[in-house]
Structures are given as C-alpha cells and as structure tokens.
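Residues per chain, in single letters:
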Amino acid sequence: MANSARLAQRQPMIVKYSQTHRNGIQAQTFTRHGIGYILRGKKYIYYGDVRYEINRGEVFYLNAGPHYMEDIPENGKSFEQIIFYYTSDQLARILANLNISYHLTISNDHHCANCHEQPHVAYPAWNTLKNFFNTINQYLHDDMFSHDETAENLKMTELIYLIITHPECCLKSKILDNVDLSKENFEQIINAHIFDSISIEELAAKCNRSLTSFKKEFRKHFFEPPHKWFIKQRLMHSRLLLISTNKSISEIGAECNFPNTSHFIKLFKKEYNLTPANYRHRHQQNNMDSEQQTTSRKKTTANIKIE
C-alpha cells in the first residue's frame, strides 16, 4: 500500500483501503475526484436520511467535496476497496492524449437525474473492469507503484479508457461531466467554507464573481441557492456528530456554525421532523433493537445445532 507522504505529493493516486471492523459513519472531504472498486464488503453513502448501498464487485465515482460514508466488513473478513484519485486537470490531459494519440472519439450522451444531481454514482463492474482492478490489487500487494509514477499514470489512463469506451452509463457520464477545471476550482472554494462564518458576498468575491453571477453558478453546480445548501450541509454533519459522538446538543450546534442552540434545534426539526435529542435517541434505540435481533438469531441457530 502506498505511504501517506507519497500520496500527498503525487497524482493520480492509487490507494487500497482495508478495514477489519465496522466503525460507523465517517465524514470525509475529498480534495480530488475518486473512482473506486469494492473488493470485499459493502459501502454505505448517506445524504440526509437517504442511504445508498455499494456492493462488492461494483465500481463507484465520488466527486471532490464532503461525503458521509460507512464501510462494512463481511463474514468476519475485512472490508477492502481500491480508489484512484485524480483532478479535473489530470483527467483533461488523459482525454486529450487518448483523442490525439489514438483518435478516440469521446462522447457523453447519457443524461439522467441520478448522475446529474448526486455527488456519487455506482455501477456494476463489467468483466474487463473487474479483471483490471484485480490486477491493480496484485500490483499494490507487490508494491509496484511506490517508486514508479509512470506506472500509476499508465494505469489511470487505462482505467479512463475502459470506462469511456463502455456504452453510455451513469458512471461514464459522471466522470466526463467533471473535466471542467473552472468548475472544480469553484466547488473547492465552496466546500472549503462550509463551516465558516462567511457571507455570500464574501464567497462571491473569493470566486471572482459578481453576486448575481455567483448565485447563478452556485445553483448550476449544487442545484440549490447558497443559503439553503449551506444549512443542509451543516445539518447533515450534525447528524453524524449526534450518532457518532457524546457531544452535547449545544456543542454540536456550535461546531456546525449555528448561531445558537435554539436556532439549531429549530432548523434540525424542520429538516428531519425530530429534535436532535430525539434523533439521537431513535438511533440508539434502533441499534439496541438490531443487537437484540442478532443475539436472538444466534441463540436460535445454537438451539437448532444442539437438537
């Protein structure tokens, strides 16, 4: 597996992650786009109260920005995934090279609400793609990328080639939709200030836009007006803190940059139809019920074996 110092310096990055225990929902902010593959186990991605499942043998795309994810080991074996990280600039260079060197015609005719509005997409890997990731897994096991940036770039190019030459699908569309470097820069600035006390006017200035053009471009990228989107992102993060920490309601509200606790509770209840305290209690109760069901199933199985 590549070491962290090299990962911070070189792009694209090919990384294998292994996890032996279920650690709950984790907040992760990607500074680059990622194309991944589940070798074993499954992954959950959360948006509000909606949970998406990515299973073993599926390839997925995650755009740059914040994500709420949970990796699930299976049958006593560790969860394993491989992710290729890249920037829009790198992708543009790869596509240009494929076009110029191999006269490859690149099209993006697939359009649907799924891949247009969501910051992720998952798709069953076809056999060629499965074989590709299995080969990458062996390369990583043999540490073949540690001192060879050329090898990483060649494999990244091969991955993009396999995807863009596949028939139109959400995965291909989502990747080709993020070639625009100016779009990436705009979204990076926004994502960097989710929890900051900053006005819309100040954000517009940081993006070198007038207030009117900023609001128009913001809606184009995030599908909502700025104020509503920022509130939603902060509430989503507060949900994670409620179910994964013992922090008080007031501490969580302050950490997510709400002006006071009562305002935080009011907005949370409006979004999720529960107060933060009730939401935390419901999650704890669901976990207890799940554990009791698991214990009951184990006892039933044991009794069957005895008989």
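Given the structure is predicted, the values throughout are model-derived calculations rather than measurements.

Pairing is antiparallel in the open sheet, where four strands are placed in the order 2-7-4-5. In this open sheet, the two strands that pair with only one neighbour each are strand 2 (26-30) and strand 5 (50-55). Strand-to-strand twist of the sheet, defined as the mean angle between neighbouring strand axes without regard to direction, takes the value 35 degrees. One ladder, built from five bridges, connects strand 4 (residues 42-47) with strand 7 (residues 65-72); its direction is antiparallel. Each bridged residue has a counterpart across the sheet, and for Tyr 44 the counterpart in strand 7 is Glu 70. Here helix 10 (residues 226-244) sits on the sheet in contact with strand 2, strand 4 and strand 7, set at roughly 30 degrees to strand 7.

Tallying each qualifying case throughout the model produces two cavities of 30 Å³ or more. Lining the largest cavity we find Ile 25, Tyr 46, Tyr 68, Met 236, Arg 239, Leu 240 and Ile 243. Broken down by element, the residue count for the lining of the largest cavity peaks at four residues, all from helix 10. Of the residues contributing to the lining of the largest cavity, the split by class is six nonpolar, no polar and one charged.

It is worth spelling out the nonpolar core at this point. Within the largest apolar cluster, 36 residues are counted, with the highest numbers of intra-cluster contacts made by Ile 35, Phe 84, Phe 133, Ile 160, Leu 171 and Ile 175. For this core, the leading source of residues is helix 5 (residues 149-164), giving seven residues.

The subject of this paragraph is the confidence of the model for the protein chain. Per-residue pLDDT for the protein chain averages 86, and the proportion of residues at 70 or more is 89%. Confidence drops under pLDDT 50 across residues 1-9; counting only partners more than four residues distant or on other chains, this segment forms twelve contacts.

Turning our eyes to something else, we now look at the sheet that holds strand 6 (residues 58-62). Pairing is antiparallel across the open sheet formed by five strands, whose spatial order is 1-8-3-6-9. Each having just a single partner strand, strand 1 (13-19) and strand 9 (120-124) make up the two edges of the open sheet. Pairs of neighbouring strands in the sheet enclose a mean axial angle of 20 degrees, with direction left out of account. One ladder, built from seven bridges, connects strand 3 (residues 33-40) with strand 8 (residues 79-86); its direction is antiparallel. Among the inter-strand pairings, Ile 35 is bridged to a residue of strand 8, identified as Phe 84. Here helix 4 (residues 127-141) sits on the sheet and contacts strand 1, strand 3, strand 6 and strand 8; the angle it forms with strand 8, its principal contact strand, is near 95 degrees.

Going through the model one piece at a time under the given rule, you end up with ten salt bridges. With a shortest N-O distance of 3.5 Å, Lys 16 and Glu 80 are connected by a salt bridge. Taken together, the residues Lys 16 in strand 1 and Glu 80 in strand 8 connect sequence positions 64 residues apart. The residues Lys 16 and Glu 80 share a single accessibility class, namely buried. With a shortest N-O distance of 2.7 Å, Arg 209 and Glu 217 are connected by a salt bridge.

A few words on a positive patch on the surface. On the surface, Arg 219, Lys 228, Lys 266 and Lys 270 cluster together into a patch of positive charge. Relative to the elements of secondary structure, Lys 228 occurs in helix 10.

Here we come to the packing of aromatic side chains. Per the stated rule, a full pass over the model turns up 21 aromatic pairs. Ring centres 5.2 Å apart and planes at 90 degrees place the aromatic pair Trp 229 and Phe 230 in the edge-to-face group. Phe 230 shares its class with Trp 229; the two are buried. Look at Phe 268 and Tyr 272: their rings are 4.8 Å apart centre to centre, the planes differ by 55 degrees, and that puts the pair in the tilted class. Linking Phe 268 with Tyr 272, this pair stays in helix 12 (residues 261-272), spanning four residues, or about one helical turn. Tyr 272 shares its class with Phe 268; the two are buried. Cluster of aromatic residues (ring-pair linked, three or more members): Phe 186, Phe 214, Phe 218, Phe 222, Trp 229 and Phe 230. Here the guanidinium or amino end of Arg 51 rests over the ring plane of Tyr 44, the centre of that ring lying 3.7 Å away. One Lys or Arg, Arg 239, reaches over the ring of Tyr 272 and ends 5.2 Å from the middle of that ring.

Cut-off values and rules
Residues numbered from 1 in each chain as written. Predicted model: local features only at pLDDT ≥ 70, side-chain atom pairs only at ≥ 80, totals over all residues. Heavy atoms only, no water. Pairing = 2+ DSSP bridges. Helix = DSSP H or I, 4+ residues; strand = E, 2+ residues; numbered from the N terminus. Axes fitted to C-alpha atoms, helices over the stretch in contact; angles between N-to-C directions. Contact = heavy atoms within 4.5 Å. 1 Å grid on protein atoms, 1.4 Å probe; cavity = no way out; pocket = protein on both sides within 12 Å on 5 of 7 lines; lining within 4 Å. Points joined across faces, edges and corners; volume = space filled by probe spheres on them. Nonpolar A, V, L, I, M, F, W, Y, C, P; charged D, E, K, R; others polar. Core = buried A, V, L, I, M, F, W, Y, C linked by side-chain atoms within 4.5 Å. Buried < 20%, exposed > 50% of the residue type's maximum accessible area, 1.4 Å probe, protein only. pLDDT = per-residue confidence, 0-100. Salt bridge = Lys/Arg side-chain N within 4 Å of Asp/Glu carboxyl O. Patch = residues over 30% accessible without salt bridge, like charges linked within 9 Å, V, L, I, M, F, W, Y side chains within 5 Å. Areas by Shrake-Rupley, 256 points an atom, 1.4 Å probe, with all protein chains shown as cover. Lys, Arg positive; Asp, Glu negative; His and termini not counted. Charge placed at Lys NZ, Arg CZ, Asp CG, Glu CD. Phe/Tyr/Trp six-rings, centres within 6.5 Å; stacked < 30°, edge-to-face > 60°. Lys NZ or Arg CZ within 6 Å of the ring centre and 35° of its normal.

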